[in-house]
Protein chains: 2
Amino acid sequence: MIPGPTPVPERVLTALGRHPIGHRSKEFQALVERTNKQLRWLHQTEEEVLVITGSGTAAMEAGIINTLRKGDKVLCGENGKFGERWVKVAKAYGLEVEVIQSAWGTPLETDTFKERLEKDINKEIRAVIITHSETSTGVINDLEVISQHVKKHGKALTIADCVTSLGACNVPMDAWGIDVIASGSQKGYMMPPGLSFVALSQRAWQAYKKSDLPKFYLDLGQYLKAAKNNSNPFTPSVNLYFAMEKALEMMEKEGLKNIFSRHARHRSAIQAAMKAIGLPLFADEIHGSPAITAVAPEDFDAELLRKIVKENFDILLAGGQDHLKGKIFRIGHLGFVNDRDILTAIAAIETSVHSLGAGKNKLGEGLRAASDHII
Amino acid sequence: MIPGPTPVPERVLTALGRHPIGHRSKEFQALVERTNKQLRWLHQTEEEVLVITGSGTAAMEAGIINTLRKGDKVLCGENGKFGERWVKVAKAYGLEVEVIQSAWGTPLETDTFKERLEKDINKEIRAVIITHSETSTGVINDLEVISQHVKKHGKALTIADCVTSLGACNVPMDAWGIDVIASGSQKGYMMPPGLSFVALSQRAWQAYKKSDLPKFYLDLGQYLKAAKNNSNPFTPSVNLYFAMEKALEMMEKEGLKNIFSRHARHRSAIQAAMKAIGLPLFADEIHGSPAITAVAPEDFDAELLRKIVKENFDILLAGGQDHLKGKIFRIGHLGFVNDRDILTAIAAIETSVHSLGAGKNKLGEGLRAASDHII
């Protein structure tokens, strides 16, 4: 129950363990044609979704360095560890970064973006870079509204880290007019880590032509050209392609609506359970991520609870990162997770909290509160 | 029988198909500690071998952009498709590239490097970038001698693409004083593609401190820091780590000497067989790569032979790239390949050549010539 690597279905693992085939063979080309189509479905886009052998950071970095020029002014939303990372990437490439910050655990203020973009009369801002679901804090930022403000600005691009939102909640790339979406395989995709994904709007491809930041492995022009031939510019992680096809087949069978409602239901169940156990949520529940819930216990060290849950129930929860270590624990509910997994995790947490003498209500109240959302 | 993805042992595939574990868990940390040690053994080095989730190109690009500054003068050896690629990478990052060329199918002239380096009295050349085994032509370049010339220069670094040489022939990083070695998992490692490797000498790490080329995902300083903690800076391809441990265990059991002599034996067997069948080798046999042999038939289209061998025997040979398409076919003999595989491939090629009426000697002479090297 960590936010990635997430659980992987058996049939996906079986496909992963197939003997690799030549990446320039007709058989592989046919597979790429199928997975490219599946990826467009998942992103709700007509654009090509480009597959990079690499971590999610590679896809996000590619999105930034393929659409901007050295010295370009960008707004970076920062309300957690991943927001911080995109600030670092932008600075590493010599962009002029203006950070719009919110405290960790609170969402980015959409009005701050609105005002800042409206004030930019000379249209100097070239991009707004934000994290949709902030994995480090369990907060979902309002990508839809921020992207509307960017659209009104007319010149800037919306570059979004959707690593833990894609495949967990609705992120219709074309309908929302998002210019760059980056994601990674070990999240909503129900796959092991190792592949990452980035899709660019037509406006972003226009910006690509003018971009002057140096790149080769992450040069998306090469990936686009290859994608149009159902191929890859460099030797791809062939076995993860086998896994991807199976995982996306399962997702297609379940359907986007069902996938999103399952994640929403699990978020509600966990939020209700934590409150009933007497554990404060780290983020306000209306801004809770559909992928991960952070919990901030007041009466004991969060690392101690993680240890008990792991030892007694063999369930791995995520800890807090950086200054949040020991202060929060995080429950991943992303990807291949079903109702039973959620109830099991809640039962393990509730039992462990009571073993610490820290339950605020009768043992079982947490599970009961969760069940109201599940059944 | 292509030069990558190469065959993968069953036990490696089984490990690949395990359920992933958290990349920040103690269990994974212990695995990284073991594989880091194995990688140092394979590279014959005391330095850390850094693992990048990405293709071999990512590792090679990382080696270049982490050790050089914008405008630096570099010599690039170019006698095939991969040599060409490193020229492109160097130019993409604004390096001043001087190309030392040899015709495709011939090795780089070591004396040309010697002379050029000796002429550089002001020590302006910062690096010599070469491909050890040129996969596109089946030529092995003399990395040992060129690296000696670089050492005498005193200032330049040797940056080597060892993608199809590492694990096929002796590449003792420390003993030869190579500053940067890059490689990829789908070659001598007997693994599927998806991981790449780069190791830097202490001199290269000194250069890293002064390097000003922009990077984030490929910033090797982050990888070194993580490697010292048996970790990774970004979510790594966890399942390929499972596979890597098993593959390297098998390699350790066989031993470097045996691995190298197996590859040398297979190269000799294939060279002898092709000559006995009456098929000219594309590269002079003394410069033949231990990983791949390119064959240039005179009497028929190489693509036709590939088609017949695939259809009749289900053996995939590699074709020629770019202007060599149709002119050569390439036999991969790299990684998890045994004597039987070599004899089988030769028999399939010999039979197919005779079916085209193009055998210069009696059917069976090729196999007989190969057997002299195998038995």
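We now turn to the structure provided with this report.

**Observations regarding the overall build of chain A**
In terms of regular secondary structure, chain A is built from 14 helices and twelve strands. Over its C-alpha atoms chain A spans a radius of gyration of 21 Å, differing by no more than 12% from the 21 Å that the globule rule assigns to 375 residues. Taken along the three principal axes of its C-alpha coordinates, chain A extends 60 × 55 × 30 Å. The proportion of buried residues among the 375 residues of chain A is 56%.

**Overview of the relation of the copies chain B and chain A**
At an RMSD of 0.0 Å, chain B and chain A line up after a rotation of 180° and a shift of 0.0 Å along the axis. When the rotation and shift are considered jointly, the pair of chain copies conforms to a two-fold rotation axis. Comparing contact sets, 100% of the residues at the interface of chain B also lie at the interface in chain A, consistent with an isologous, same-surface contact.

**Some words on the interface of chain B and chain A**
Taken together, the contact between chain B and chain A spans 42 residues of the former and 43 residues of the latter. Residue contributions to the side of chain B that touches chain A peak at four residues, all from helix H3 (residues 56-65) of chain B. Tallied by class, residues from the side of chain B that touches chain A come to 21 nonpolar, 18 polar and three charged.

**A few points about the environment of isoleucine 277 of chain A**
Residue and element names in this part refer to chain A. Considering the arrangement of structural elements, one finds isoleucine 277 in helix H11 (residues 256-277). Separated by 85 residues in the primary sequence, isoleucine 277 and lysine 362 have C-alpha atoms spaced 8.0 Å apart. Among residues more than four places away in sequence, those in contact with isoleucine 277 are Glu350, Val353, Gly359, Lys360, Asn361, Glu365 and Gly366.

**Here we look at the sheet that holds strand S7 (residues 157-161) of chain A**
Residue and element names in this part refer to chain A. Read across the sheet, seven strands follow the order S1-S9-S8-S7-S4-S2-S3 without closing on themselves; strand pairing throughout is mixed. Because the sheet does not close on itself, it has two edges, and the strands there are strand S1 (49-53) and strand S3 (96-101). On average, each strand axis in the sheet is inclined to that of its neighbour by 20°, with strand direction left out of account. Across three bridges, S7 lies against strand S8 (residues 180-184) in parallel orientation. If you follow alanine 160 over to S8, its bridge partner there is isoleucine 181. Contacting strand S2 (73-78), S3, strand S4 (125-131) and S7, helix H4 (residues 81-92) crosses the sheet at an angle of about 160° to S2.

The rules behind the values
Residues numbered from 1 in each chain as written. Chains lettered and ligands numbered in written order. Predicted model: local features only at pLDDT ≥ 70, side-chain atom pairs only at ≥ 80, totals over all residues. Helix = DSSP H or I, 4+ residues; strand = E, 2+ residues; numbered from the N terminus. Rg over C-alpha atoms; globule rule 2.2 N^0.38 Å. Buried ≥ 20, exposed ≤ 12 C-beta atoms within 10 Å, placed from the backbone. Least-squares fit on C-alpha atoms with pLDDT ≥ 70 in both. Contact = placed C-beta atoms within 7 Å. Nonpolar A, V, L, I, M, F, W, Y, C, P; charged D, E, K, R; others polar. Pairing = 2+ DSSP bridges. Axes fitted to C-alpha atoms, helices over the stretch in contact; angles between N-to-C directions.

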